[in-house]
Amino acid sequence: MGKKRKQPQPIVPPPQSSALRSRKRARQVTTLFHKYTTELDSAIERARDGGCSEVQISSCDRGGADDEKTGSDIHRVISSNQKALLDEVKKWKDKISEIGGREEYQRASQLNTSLFSTSKWVLGVLGRWGWLDGLSTDGNASLDGDRQQQKSSQKKKPRRDVRLLEIGAINTQLLDAASRTRVERVTSQDEKRGSDEKHTNQLERVHRLQVKAIDLRSTNPRIQQMDFFKLPLPIDQPYDVLVNSMVINCVTTPEQRGKMLALCYHQLRPGGVLFLTLPKLCLIQSKYMHRGYFEEILTKAVGFEIDSAKESPKVAFFVLKRPQSEPVRNWDEKFARTKVINKGKKFRNTFAVILDQRDVTG
């Protein structure tokens, strides 16, 4: 028998399907999306500095005017330098569109996170602490031993829901956990005394969780479309738990990453915890960062305590606690700038964090 002829491969990639199934494709999409959005933000900043209007910048991806009014604003007399700046903005917007845009990026993120369930990790840790049964209303909630204290207590203390905020949510797993119910058998006093009266069943929630999930571009009606940076700081009811999973690396500037960490700290009540994950490459291949320095930023600058930390081959995990009393921060001006600390071709990642001391102190 003769050899089978290989099927011809298409010259252009096939159209994007609504269901992304290739792990390799998902990694490519997320990597390129991060790269292109960073370049786009830089191009937009240069265009603003060059005197281009917001209308001109936002219209770059339309390839022209949609109507006469918009067109007259877009095509007003501009310099050759401004035209080059706008062409650069359009170039990066087109590249983002070529990989499927933000919608394809979110599908890729959903596939990537399905390989490791952030919600399973979070719920597992909260379960070990006893927090899934709620928190004591007297405000004394520890990170360990709470379940044993509850079981050994003769009289059950009043408990409240755990207030949890998920930032950059791409699925509803934590929302589902908060709404999950089970049937509880309720025994009447008559039945306890040996009466023939039957017991009754009622639904109860499995977990005492009150979850709010937000994302800049929501993909689900249960996830609120909201910008975390514009979220008001809670005064009466700060959050007990924040989940920030694979989000900080998507923030495009070091200054905004620093602001996000500071806001996470201030969104939490004293004793609250932040579940933080980011790609391991950000800590081992960045020219501006290594793990030790990142932990220094989290603790000495922002004020967190590291309750626990671990790594997988690709992801770094942190459980960070806001102390019960306000810490004395060891501020250093190095936190307010970037500096190359790793040299060589190996360090091609540009992940960095810059803090503003006013954001840290609130």
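In what follows, the structure referred to is the one given above.
All values reported here derive from a predicted model rather than from experimental measurement. (Residues numbered from 1 in each chain as written. Predicted model: local features only at pLDDT ≥ 70, side-chain atom pairs only at ≥ 80, totals over all residues. Heavy atoms only, no water.)

A. Local environment of the overall build of the protein chain. Within the protein chain, the secondary structure is distributed over 13 helices and eleven strands. Each of the 362 residues in the protein chain was classed as buried or not, and the buried ones make up 41%. With an accessible surface of roughly 21,200 Å², the protein chain has 49% of that area assigned to carbon and sulfur atoms. (Helix = DSSP H or I, 4+ residues; strand = E, 2+ residues; numbered from the N terminus. Buried < 20%, exposed > 50% of the residue type's maximum accessible area, 1.4 Å probe, protein only. Areas by Shrake-Rupley, 256 points an atom, 1.4 Å probe, with all protein chains shown as cover.)

B. The arrangement of the packing of aromatic side chains in detail. Evaluation of the coordinates by the stated rule reveals eleven aromatic pairs. Each ring, one from tyrosine 36 and one from tryptophan 92, has its centre 5.7 Å from the other, and the planes form 45 degrees; the classification is tilted. Here the residue tyrosine 36 occupies a position in helix α1 (residues 23-49), and tryptophan 92 occupies one in helix α4 (residues 80-98), the gap between them amounting to 56 residues. Given the relative accessible area of 12%, tyrosine 36 is considered buried. Residue placement shows lysine 310 over the ring face of phenylalanine 317; its charged tip is 5.2 Å from the ring centre. (Phe/Tyr/Trp six-rings, centres within 6.5 Å; stacked < 30°, edge-to-face > 60°. Lys NZ or Arg CZ within 6 Å of the ring centre and 35° of its normal.)

C. Structural detail: the environment of serine 117. Structurally, serine 117 can be placed in the loop between α5 (101-114) and α6 (118-129). Classification of serine 117 as partly exposed rests on a relative accessible area of 23%. Sequence separation between serine 117 and glutamine 173 is 56 residues; the distance between their C-alpha atoms is 8.9 Å.

D. The packing of helix α10 (residues 254-267) against helix α12 (residues 291-302), seen in detail. Two numbers describe how α10 lies on α12: the axes approach to 11 Å, and their chain directions differ by 50 degrees. By the angle between their axes, α10 is oblique relative to α12. The handedness of the crossing between α10 and α12 comes out as right-handed. On α12, the residues touching Leu261, Ala262 and Tyr265 of α10 are Phe294, Ile297, Leu298 and Val302. The class makeup of the residues in the contact of α10 with α12 is seven nonpolar, no polar and no charged. (Axes fitted to C-alpha atoms, helices over the stretch in contact; angles between N-to-C directions. Parallel < 35°, antiparallel > 145°, perpendicular 65-115°, else oblique. Left-handed = near helix turned anticlockwise from the far one by under 90°. Contact = heavy atoms within 4.5 Å. Nonpolar A, V, L, I, M, F, W, Y, C, P; charged D, E, K, R; others polar.)

E. Quick peek at the nonpolar core. Core analysis: the biggest nonpolar cluster contains 37 residues, and Phe228, Leu261, Leu276, Leu278, Phe294, Ile297 and Phe318 have the highest contact counts within it. Secondary-structure elements contributing two or more residues to this core are β3 (162-167), β8 (239-245), α10, β9 (268-279), α11 (281-284), α12 and β11 (315-321). Sort the elements by how many residues they give to this core and α12 lands first, with six residues. Apart from the residues lying within four places of it in its own chain, the contact partners of phenylalanine 294 are Leu261, Leu276, Leu278, Leu283, Met289, Phe318, Phe351 and Val353. Ranked by size, the runner-up nonpolar core spans 27 residues in total, among them Trp121, Val122, Leu126 and Ile223. (Core = buried A, V, L, I, M, F, W, Y, C linked by side-chain atoms within 4.5 Å.)

F. Fine view of the pattern of salt bridges. Summed over the entire model, instances satisfying the criterion amount to 18 salt bridges. For aspartate 87, the salt bridge is made with lysine 83, and the minimal N-O distance between the two is 3.2 Å. Within this pair, aspartate 87 and its partner lysine 83 are both found in helix α4, separated by four residues, close to a single helical turn. By relative accessible area, which is 47% here, lysine 83 ends up partly exposed. For arginine 205, the salt bridge goes to aspartate 161, with nearest N and O atoms at 3.1 Å. Pair noted here: arginine 205 is in strand β5 (residues 200-205) and aspartate 161 is in the loop between β2 (159-160) and β3, with a separation of 44 residues, a long-range link. By relative accessible area, which is 34% here, arginine 205 ends up partly exposed. (Salt bridge = Lys/Arg side-chain N within 4 Å of Asp/Glu carboxyl O.)

G. Spatial organisation of the pairing of β11. With six of seven residues buried, β11 lies mostly within the body of the structure. With seven bridges joining them, β9 and β11 adopt antiparallel strand pairing. Opposite valine 273, over in β11, you have lysine 321 as the bridge partner. With six bridges joining them, strand β10 (residues 305-311) and β11 adopt antiparallel strand pairing. Along β11, the bridge assignment pairs isoleucine 306 with leucine 320. The turn linking β10 back onto β11 is made up of three residues. (Pairing = 2+ DSSP bridges.)

H. Examining the sheet that holds β10 more closely. Taken together, seven strands build an open sheet; the order of strands is β7-β6-β3-β8-β9-β11-β10 and the sheet is mixed. Only two strands of the sheet have a single neighbouring strand rather than two, namely β7 (224-225) and β10. The sheet contacts of α6 involve β3, β6 (209-215), β8, β9, β10 and β11, and relative to β9 the element is tilted by about 145 degrees. Here α12 sits on the sheet in contact with β9, β10 and β11, set at roughly 25 degrees to β11.

I. Expanded view of unusual backbone geometry. One non-glycine residue, methionine 246, lies in the positive phi region at around 55 degrees. When you line up the elements, methionine 246 lands in the loop between β8 and α10.

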